[in-house]
Amino acid sequence: MSDAPEPAPPRSAADSRRAGGRAPGGPKVVLIGPMGVGKSTVGALLAERLGTGYRDTDADIVAAEGREISDIFIEDGEPRFRELERAAVRAAVAEHTGVLALGGGAILDPGTRGLLSGLPVVYLSMDVEEAVRRVGLNTARPLLAVNPRRQWRELMEARRHLYTEAARVVVATDGRTPEEVAQAVLDALEWKDA
Ligand code: S3P
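An unreviewed UniProt entry annotates the protein chain as Shikimate kinase of Streptomyces tirandamycinicus. What the UniProt record of the protein chain gives under Sequence similarities (unreviewed entry) is the line "Belongs to the shikimate kinase family." Database annotation for the protein chain, UniProt heading Function (unreviewed entry): "Catalyzes the specific phosphorylation of the 3-hydroxyl group of shikimic acid using ATP as a cosubstrate."

K.L.:
Looking at this structure, how should I read the site of the ligand?
P.N.:
Around the ligand sit 14 residues in total, of which K39, D58, R82, G104 and R159 are the nearest. At a separation of 2.8 Å, an oxygen atom of the ligand approaches a polar side-chain atom of D58. Between the ligand and R82 there is a distance of 2.8 Å, counted from an oxygen atom to a side-chain nitrogen or oxygen. Mapped onto the shell around the ligand, the elements with two or more residues apiece are α4 (69-76) and α5 (78-95). Take the shell around the ligand: its biggest share by element is three residues, from α5. For the shell around the ligand, the class distribution of residues is five nonpolar, three polar and six charged.

K.L.:
What should I look at first to understand the packing of aromatic side chains in this one?
P.N.:
How two aromatic rings sit relative to each other is given by the distance of their centres and the angle of their planes. Applying the stated criterion across every chain, the model contains two aromatic pairs. With a centroid separation of 4.9 Å and an interplanar angle of 40°, the aromatic rings of F73 and F81 are classed as tilted. On the basis of relative accessibility, which here comes to 30%, the residue F73 falls in the partly exposed class. Judged by its relative accessible area of 2%, F81 falls in the buried class.

K.L.:
How do you make sense of the UniProt feature "binding site: substrate" (unreviewed entry) in the protein chain when you look at a structure like this?
P.N.:
Mapped onto this numbering, the UniProt entry gives "binding site: substrate" (unreviewed entry) at D58, R82, G104 and R159. With respect to the element layout, D58 can be found in helix α3 (residues 57-65). Judged by its relative accessible area of 25%, D58 is partly exposed. Leave out the neighbours within four places in its chain, and D58 touches I69, F81, E85 and G103. For R159, the position within the fold is in helix α8 (residues 148-166). Once you skip the residues sitting within four places of it in the chain, R159 turns out to touch R82, G104, G105, I107 and L108.

The rules behind the values
- Residues numbered from 1 in each chain as written.
- Predicted model: local features only at pLDDT ≥ 70, side-chain atom pairs only at ≥ 80, totals over all residues.
- Heavy atoms only, no water.
- UniProt positions renumbered as here; feature names shortened; annotations may be inferred.
- Near = heavy atom within 4 Å.
- Polar contact = N/O pair within 3.5 Å; in protein donor to acceptor, adjacent residues only side chain to side chain.
- Helix = DSSP H or I, 4+ residues; strand = E, 2+ residues; numbered from the N terminus.
- Nonpolar A, V, L, I, M, F, W, Y, C, P; charged D, E, K, R; others polar.
- Phe/Tyr/Trp six-rings, centres within 6.5 Å; stacked < 30°, edge-to-face > 60°.
- Buried < 20%, exposed > 50% of the residue type's maximum accessible area, 1.4 Å probe, protein only.
- Contact = heavy atoms within 4.5 Å.

Okay, here's the thing in structure tokens:
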């Protein structure tokens, strides 16, 4: 007889959920949604609550390229940025088991959408008034710089169905604090004990 410890019995999905774990090999939560909705703030709070790491594909792209995202858009154009973003999402989904936030336009790329299938994707939504309040006057976001309300409507008309289709759950952020949004995400994904 050997002294080797018995292998642990396999955990059921319910055990796994109760223990705050999910099968290894993918992020616990993937946040999508428009710019300014609070993906980074809420993502960092969620990571803290779940005792895990936070990763952001915009930051991964900036680190890999050594340039700001606005410079990549200006120098190489949006199609090249979407390619870099797809590669960043592919790497993050394969490597990261914590909370992952994607850039607001990531879901525009069909290849990126394919990488999200089967993952616990959460769409953080907000209405136009909230968007104008949060990002309308922010010149660092040139997509909304001229006529924020109209540009927001156009942007969301093109994207809303893609966010909804890619997501397992939708969490509205209007009038909620980041802590309340984080709690709503945990509730929606049934991480009740986190
Ligand atoms: C973009 C959103 C940005 C960033 C890039 C393009 C978009 O990310 O990826 O400027 O097309 O909506 P945030 O949503 O984190 O601001």
